[in-house]
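The primary structure of each chain is shown beneath.
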Amino acid sequence: MALLVLAHALFDHMIEVATVDHGLRPEAGEECALVARACEERGIVCHILKVTVTEGNLQDRARSARYAALGQWARDRQLAAIATAHHADDQAETLLMRLNRGSGLAGLAGIRSSTMIEGCPVPVIRPLLQFRREELRAILRGTGTPFVDDPSNRDESFERVRIRRELEKADWIDPLALARSAAHLEETERALASIADQLWDSEVTVTDGHIAVPIADSIDVSSRLVARAISGFGQTVSRGEVAGFLKTLDRRGNIAGILIEKQQDVYACSPEPPRRSG
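None of these values were measured; they are calculated from a predicted model.

Novice: Sorry, what's going on with helix α8 (residues 175-203) here?
Specialist: Along an α-helix, residues three or four apart share an orientation, since each turn contains 3.6 residues. Taking 1.5 Å as the rise per residue, α8 with 29 residues should run 42 Å; its terminal C-alpha atoms sit 41 Å apart, in good agreement. Turning to α8, its buried residues are Pro-175, Leu-178, Ala-179, Ala-182, Glu-186, Glu-189, Leu-192, Ala-196, Leu-199 and Trp-200. Of the surrounding elements, those touching the buried residues of α8 are α4 (88-100), α5 (105-108), β4 (114-115), β7 (210-214), α9 (219-232) and α10 (239-248). The opening residue of α8, the one whose side-chain oxygen lies 3.0 Å from the backbone nitrogen of Leu-176, is Asp-174.

Novice: Where do I start with the sheet that holds β4 in this structure?
Specialist: Taken together, three strands build an open sheet; the order of strands is β3-β5-β4 and the sheet is mixed. Here the strands that pair on one side only, and so sit at the sheet edges, are β3 (82-83) and β4. Sheet analysis places β3 next to strand β5 (residues 124-125), joined by two bridges and oriented parallel. Considered in β5, the bridge of Ile-82 is made with Val-124.

Novice: I'm lost on the nonpolar core in this one. Help?
Specialist: Considering soluble globular proteins, one finds that nonpolar side chains tend to be buried as a cluster. Of all hydrophobic cores here, the largest spans 25 residues; its most connected members are Val-213, Val-226, Val-242 and Ile-260. Elements represented by at least two residues in this core include exactly α8, β7, α9, α10, β9 (258-262) and β10 (266-271). Per-element tally for this core: the top contributor is α9, with six residues. Other than its neighbours up to four places away in sequence, Val-242 contacts Ser-223, Val-226, Ala-227, Ile-230, Val-237 and Ile-255. Grouped together as the second largest cluster of nonpolar side chains are 14 residues, Leu-49, Ala-65, Leu-70 and Ile-82 included.

Novice: Teacher, can you tell me more about the layout of surface pockets here?
Specialist: Gaps left between atoms show up when a probe the size of a water molecule is rolled over them. Of the voids in this model, the second largest pocket is the one considered here, and its volume is about 440 Å³. Residue lining of the second largest pocket: 21 residues in total, with Ala-106, Glu-189, Arg-224, Arg-239 and Gly-240 positioned closest to the centre. Elements with a contribution of two residues or more to the lining of the second largest pocket: α5, α8, α9 and α10. Broken down by element, the residue count for the lining of the second largest pocket peaks at six residues, all from α9. Residue composition of the lining of the second largest pocket, by class: nine nonpolar, six polar and six charged.

Novice: So what exactly am I meant to see when it comes to the side chain of Thr-145 here?
Specialist: Note that Thr-145 resides in the loop between α6 (133-143) and α7 (159-169). The exposure class assigned to Thr-145 is buried, which follows from its relative accessible area of 6%. Looking at Thr-145, its side chain comes within polar contact range of the side chain of Arg-42, at 3.3 Å. One polar contact links Thr-145 to Thr-143, side chain to side chain, over a distance of 2.8 Å. In this view, Thr-145 contacts Met-1, Val-5, Arg-42 and Leu-140; residues no more than four positions away in its chain are not counted.

Rules used throughout
- Numbers given to residues run from 1 along each chain, matching the order in which its sequence is written.
- For this predicted model, a pLDDT threshold of at least 70 governs which residues receive local features, and a threshold of 80 or more governs which side-chain atom pairs are given and counted, while totals over whole chains, interfaces and linings are taken from all residues.
- Note that the side-chain values use all heavy atoms of the structure and ignore hydrogens as well as water.
- Numbering of helices and strands starts at the N terminus; helices are DSSP runs of H or I of at least 4 residues and strands are runs of E of at least 2.
- Expected span of a helix, by definition, is 1.5 Å for each gap between consecutive residues, and there is one gap fewer than residues.
- Relative accessibility decides the category of a residue: with a 1.4 Å probe and only protein chains considered, values under 20% of the type maximum give buried, values over 50% give exposed, and everything between is partly exposed.
- Whether two residues touch is decided by their heavy atoms; if any such pair falls within 4.5 Å, the residues are in contact.
- Side-chain atoms alone can form a polar contact between residues adjacent in sequence; in general such a contact is a pair of N or O atoms within 3.5 Å, and within protein one must be able to donate a hydrogen while the other accepts it.
- Note on pairing: DSSP must find at least two bridges between two strands before they are called paired.
- Here the nonpolar core consists of buried residues drawn from Ala, Val, Leu, Ile, Met, Phe, Trp, Tyr and Cys, with membership extended through side-chain atoms lying within 4.5 Å.
- Lining residues are defined by having an atom within 4 Å of a point belonging to a cavity or pocket. Those points lie on a 1 Å grid over the protein atoms alone, cavities being sets where a 1.4 Å probe fits but cannot get out and pockets being open sets with protein on both sides within 12 Å along at least five of seven lines.
- Grid points are joined across faces, edges and corners, and a volume is the space filled by probe spheres set on the points.
- Gly counts as polar in this scheme, as do all residues outside two lists: the nonpolar Ala, Val, Leu, Ile, Met, Phe, Trp, Tyr, Cys and Pro, and the charged Asp, Glu, Lys and Arg.

What is shown is where atoms sit, not what they do.
Pasting the structure below:
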């Protein structure tokens, strides 16, 4: 709701709003109606999108369904981007969760200020990452805008909620500082991605059944290139897995069914040949 209030103040009627009903709680319909009423009072177009969340990790599945629906809606409406209300406290929680898992640079960059999400054809931007949660609530209280708290934010079966509770106890930790650190890591991530893109365009050789990528100065950049080569053969593997593989690669090895041979200045990638039988 705070994003709605701020966006309306800045852009007036140049915006449209969508709110998602995941169908997971009986209160969700009324919560979506609350958003619709706030939009109606401001003369803003609002759409309620209903999605079905498939079985599996609840938060991950809900996120995928949400962004797929929002992306289709935004594309149909010919909107330039989707803005979400992630804030500095969300970013701090995400960074600590990723640190606790030993994530690499891509994970530590946290919630991206702008990104493309798989299954969502429209860019996603997060303009509130430098705002604290309480600052946004103060804006709502100051403008008399009603809002609700999602009860899942109190469910300690979720890792994020447990991290949030610990952050609340640790008043010596500054979430804004953590958010700034994540922003610095995002800049580094983008720089390394740009270097990898330039190397791919200028130095990668693609021939029938083979892709040769340069051995870069850093494992991080090399892993990006090798992961991209692997995807070129129709296989999927994470950059972290590729980085771990390259760190232990002597001369040749297999990952995701792809043979990687370390030559003088390139990693030669090709589908693993069929095993001989008999």
